[in-house]
Amino acid sequence: MKNNHNSSRLAPSTSKRIALITGVTGQDGSYLAEFLLKKDYIVHGIVRRSSLFNTDRIDHLYQDPHVENRNFILHYGDMTDSMNLTKIIQEVQPDEIYNLAAMSHVHVSFETPEYVANADGIGALRILEAVRFLGLTEKTKIYQASTSELYGKVQEIPQSETTPFYPRSPYAVAKMYAYWITVNYREAYGMFACNGTLFNHESPVRGETFVTRKITRAASKIALGLQDKLYLGNLDAKRDWGHAKDYVKMMWMILQAPKPEDWVIATGKTTPVREFVKMAFEYVGVNLRFEGKGVDEVGIIESVKWDVLSAKLGKECNEHNTTHLAPNTIVVSVDPRYFRPTEVDILMGDPSKAEKKLGWNREYELKDLVEDMMKSDLKLMSKDVYLKEGGYQTMSYYE
Ligand code: NAP
Ligand code: G4F
């Protein structure tokens, strides 16, 4: 799909449930739209106008705007524009709103703090206030995309619904406002408004500058001989990583609960960035060892399982024809430019409330997540090999 935004031809009145997703072009928005369409919802999504197409993640859900009775409808909008949001909500009359839109990159939020406060913080208020102003408080349930970043400098391990917040970035501070304004509108106006405090969740369509995707893209390119080295920041940071597919199901379940509450969604396990790097390289048969400390730490090729690499690349690889993976080659270095002014050292969630009360369970363990991402990125990057062989230029992004 390339820009199919036509809010004037809405689906006719229907007994189907209607959902509105802000941030539908993002990782979670795309998986959630897919999930809700399978559940027979009519799904409306808000898309930002951009100078280039920004709908790659939802192109497979595209429906020709000229077709009657569409069940996937896009609207131009922005979290910083109250009138626009109010108008869309009035037109759509949603049963459920999933507020996923945000400038979601923690490091970038230090560069654009005012914008982040506006879009991520006040943006949530604009949605709540629009629903109240339009008299939809009884009809419309609201899911607010809250985050484990709220725990920041963690006050206990693991973190649960009762752990105090200590945000450590402009992003987390903005999300803290969004969290509490959601609670306040629930308590003040009796709205079905809930926070899902989700720990990190990743997938093959994760933004390329988040650490997991940066690693799986680089490990794939290094295996294919398209890149020499991966530069990372804090290798000691620990995250509780799950798969986005499992997490969007919980967003929906949170709005199907008997009463509005706030929920922690996590795996309950935590893993250092360094370990994620090892797992990604292991997928292609490359065993790494890490040496050194701080900015001098490096990841070095210890050995290669040639049978694994050959199987993954679909061609015979050995020490003679794949010299870029020779033992003792440095493939990971630390670059302080990726350090944050204030870091969140460890996140590990306690999902027991959601497990007991909502039946939260997961299909993907971390190993499955790494496999899913590596499989997808190897396929994606293999295209560059063909392009190069055909004499075409390929792009290198410094993520
Ligand atoms: P993402 O991939 O970065 O997607 C963010 C979405 O928000 C994109 O569709 C983006 O549009 C849109 N957006 C950004 N600024 C906007 C604005 N001013 N107006 C309208 N739309 C705007 O993020 P995600 O990983 O899917 O996360 C979804 C939500 O969950 C976010 O609120 C995030 O903060 C929160 N969260 C994420 C995680 C996680 O680990 N993924 C964990 C906890 C909470 P473009 O496509 O045009 O950029
Ligand atoms: O992948 P990250 O950028 O994710 P972060 O900061 O945890 O935020 C993500 O998860 C939050 C939930 O907890 C969401 F709310 C938020 O929207 C976003 O989706 O970084 C993870 C860790 C950090 O400690 C970072 O310092 O990886 C460390 N890291 C080390 N090297 C790096 C890098 N992060 C990035 N992005 N790039 C690096 O080169």
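Up top is the structure.
This structure is a prediction, so every number in the text was calculated from the model and none was measured. (Residues numbered from 1 in each chain as written. Chains lettered and ligands numbered in written order. Predicted model: local features only at pLDDT ≥ 70, side-chain atom pairs only at ≥ 80, totals over all residues. Heavy atoms only, no water.)

S.K.: Explain the site of ligand 1 to me, please; I cannot follow it from the model alone.
M.R.: In the vicinity of ligand 1 lie 25 residues, with T25, R48, S104, Y115 and Y171 positioned nearest. T25 places a polar side-chain atom, nitrogen or oxygen, 2.6 Å from an oxygen atom of ligand 1. Interatomic distance of 3.2 Å between a side-chain N/O atom of R206 and a nitrogen atom of ligand 1. Burial of ligand 1 by the protein amounts to 90% of the accessible area it has alone, namely 900 Å². A per-element tally of the shell around ligand 1 places strand β5 (residues 141-147) first, with 3 residues. Among the residues making up the shell around ligand 1, the classes are represented as 10 nonpolar, 10 polar and 5 charged. (Near = heavy atom within 4 Å. Polar contact = N/O pair within 3.5 Å; in protein donor to acceptor, adjacent residues only side chain to side chain. Areas by Shrake-Rupley, 256 points an atom, 1.4 Å probe, with all protein chains shown as cover. Helix = DSSP H or I, 4+ residues; strand = E, 2+ residues; numbered from the N terminus. Nonpolar A, V, L, I, M, F, W, Y, C, P; charged D, E, K, R; others polar.)

S.K.: It is not clear to me how the packing of helix α6 (residues 211-224) against helix α11 (residues 366-389) should be interpreted in this structure. Could you clarify?
M.R.: How two helices sit against one another is set out by the angle between their axes and by the gap between those axes. At a minimum axis separation of 9 Å, α6 and α11 run at an interaxial angle of 50°. For the element pair α6 / α11, the angle class is oblique. For the pair α6 and α11, the sense of crossing is right-handed. Of the residues in α11, those touching α6 at T212, R213, T216, R217, A219, S220, K221 and L224 are M373, M374, D377, L378, L380, M381, S382 and V385. The residue inventory of the contact of α6 with α11, partitioned by class, reads 8 nonpolar, 4 polar and 4 charged. (Axes fitted to C-alpha atoms, helices over the stretch in contact; angles between N-to-C directions. Parallel < 35°, antiparallel > 145°, perpendicular 65-115°, else oblique. Left-handed = near helix turned anticlockwise from the far one by under 90°. Contact = heavy atoms within 4.5 Å.)

S.K.: What's the story with the nonpolar core in this structure? I'm lost.
M.R.: Buried together is how nonpolar side chains tend to be arranged in soluble globular proteins. Judged by nonpolar contacts, the single largest core of 41 residues is most densely connected at V277, F281, L288, L309 and V332. Elements supplying a minimum of two residues to this core: α6, β8 (230-232), α8 (273-283), β13 (286-291), β14 (298-304), α9 (306-313), β15 (330-334) and α11. Broken down by element, the residue count for this core peaks at 8 residues, all from α11. Leave out the neighbours within four places in its chain, and L288 touches V277, K278, F281, I300, I301, E302, V331 and V332. Of all hydrophobic cores here, the second largest spans 38 residues; its members include A33, Y41, Y98 and L198. (Core = buried A, V, L, I, M, F, W, Y, C linked by side-chain atoms within 4.5 Å. Buried < 20%, exposed > 50% of the residue type's maximum accessible area, 1.4 Å probe, protein only.)

S.K.: Explanation requested: the packing of aromatic side chains in the structure shown.
M.R.: Centre distance and the angle of the planes are the two values used to describe a pair of aromatic rings. Enumeration over the complete set of coordinates arrives at 10 aromatic pairs. Measuring from ring centre to ring centre gives 4.9 Å for F165 and Y179, while their planes differ by 85°; the resulting arrangement is edge-to-face. Linking F165 in the loop between β5 and α5 (170-189) with Y179 in helix α5, this pair joins segments that are 14 residues apart in sequence. The pair formed by F165 and Y179 is uniform in burial state, with each residue classed as buried. Through successive ring pairs, a cluster of aromatic residues spans Y151, F165, Y179, W180 and F199. The aromatic ring of F210 is capped on one face by R206, whose charged end is 3.9 Å from the ring centroid. (Phe/Tyr/Trp six-rings, centres within 6.5 Å; stacked < 30°, edge-to-face > 60°. Lys NZ or Arg CZ within 6 Å of the ring centre and 35° of its normal.)

S.K.: Sorry, what's going on with the site of ligand 2 here?
M.R.: Around ligand 2, the surrounding shell holds 23 residues, and the nearest of these are T147, S148, Y171, R340 and E343. Measuring from an oxygen atom of ligand 2, one finds a side-chain N or O atom of Y171 at 2.8 Å. Out of a free accessible area of 710 Å², ligand 2 has 96% covered by protein chains. Looking at the shell around ligand 2, its residues break down into 9 nonpolar, 8 polar and 6 charged.

S.K.: Sorry if this is basic, but what is going on with the sheet that holds β13 here?
M.R.: Across a sheet, paired strands are connected by hydrogen bonds in the backbone, their directions being either parallel or antiparallel. Taken together, the 4 strands give an open sheet; going across it, the order is β8-β15-β14-β13, and neighbouring strands pair in mixed fashion. Every interior strand has two partners, whereas the edge strands, β8 and β13, have only one. Averaged over all neighbouring strand pairs, the angle between strand axes comes to 25°, with direction disregarded. Running over the sheet, α6 touches β8 and β15 and is turned about 160° from β8. The strands touched by α8 within the sheet are β8, β13 and β15, with β13 carrying the most contacts at an inclination of about 155°. (Pairing = 2+ DSSP bridges.)

S.K.: Teacher, can you tell me more about helix α4 (residues 113-133) here?
M.R.: Counting along an α-helix, one turn takes 3.6 residues, and residues three or four places apart therefore face a common direction. Helix length check: α4 (21 residues) gives 28 Å between terminal C-alpha atoms against 30 Å at 1.5 Å per residue, within 8%. By the largest-angle criterion, I122 marks the main kink of α4, which is about 40°. Residues of α4 that are buried include every one of V116, A119, D120, G121, G123, A124, R126, I127, L128, A130 and V131, and no others. (Expected span 1.5 Å × (residues − 1). Bend = angle between axes of the 7 residues up to and from the residue.)

S.K.: Before we go on, may I ask you to explain α5 in this structure?
M.R.: Between its first and last C-alpha, α5 extends 28 Å over 20 residues, near the 28 Å set by a 1.5 Å rise per residue. Residues Y171, A172, A174, K175, A178, Y179, I181, T182, V183, Y185 and R186 constitute the buried set of α5. In the segment just after α5, G190 is the residue with positive phi, at about 65°.

S.K.: Sorry, what's going on with the pairing of β14 here?
M.R.: Successive residues of a regular strand alternate their side chains across the two faces of the sheet. A large share of β14 lies buried, amounting to 5 of its 7 residues. Pairing of β13 with β14 involves 6 bridges; the strand directions are antiparallel. Within β14, the position partnered with L288 by the bridge is I301. Once β13 ends, the chain turns through 6 residues before running back antiparallel as β14, passing G292 with a positive phi of about 90°.

S.K.: What is the right way to read the sheet that holds strand β1 (residues 18-22) from this model?
M.R.: The parallel open sheet is built from 7 strands, whose spatial order is β3-β2-β1-β4-β5-β6-β11. The open sheet has two edge strands, β3 (72-76) and β11 (263-265), and neither has a second partner. Here the strands of the sheet are splayed against their neighbours by 20° on average, with no regard to which way each runs. Where β5 meets strand β6 (residues 193-198), 6 bridges bridge the pair, whose relative direction is parallel.

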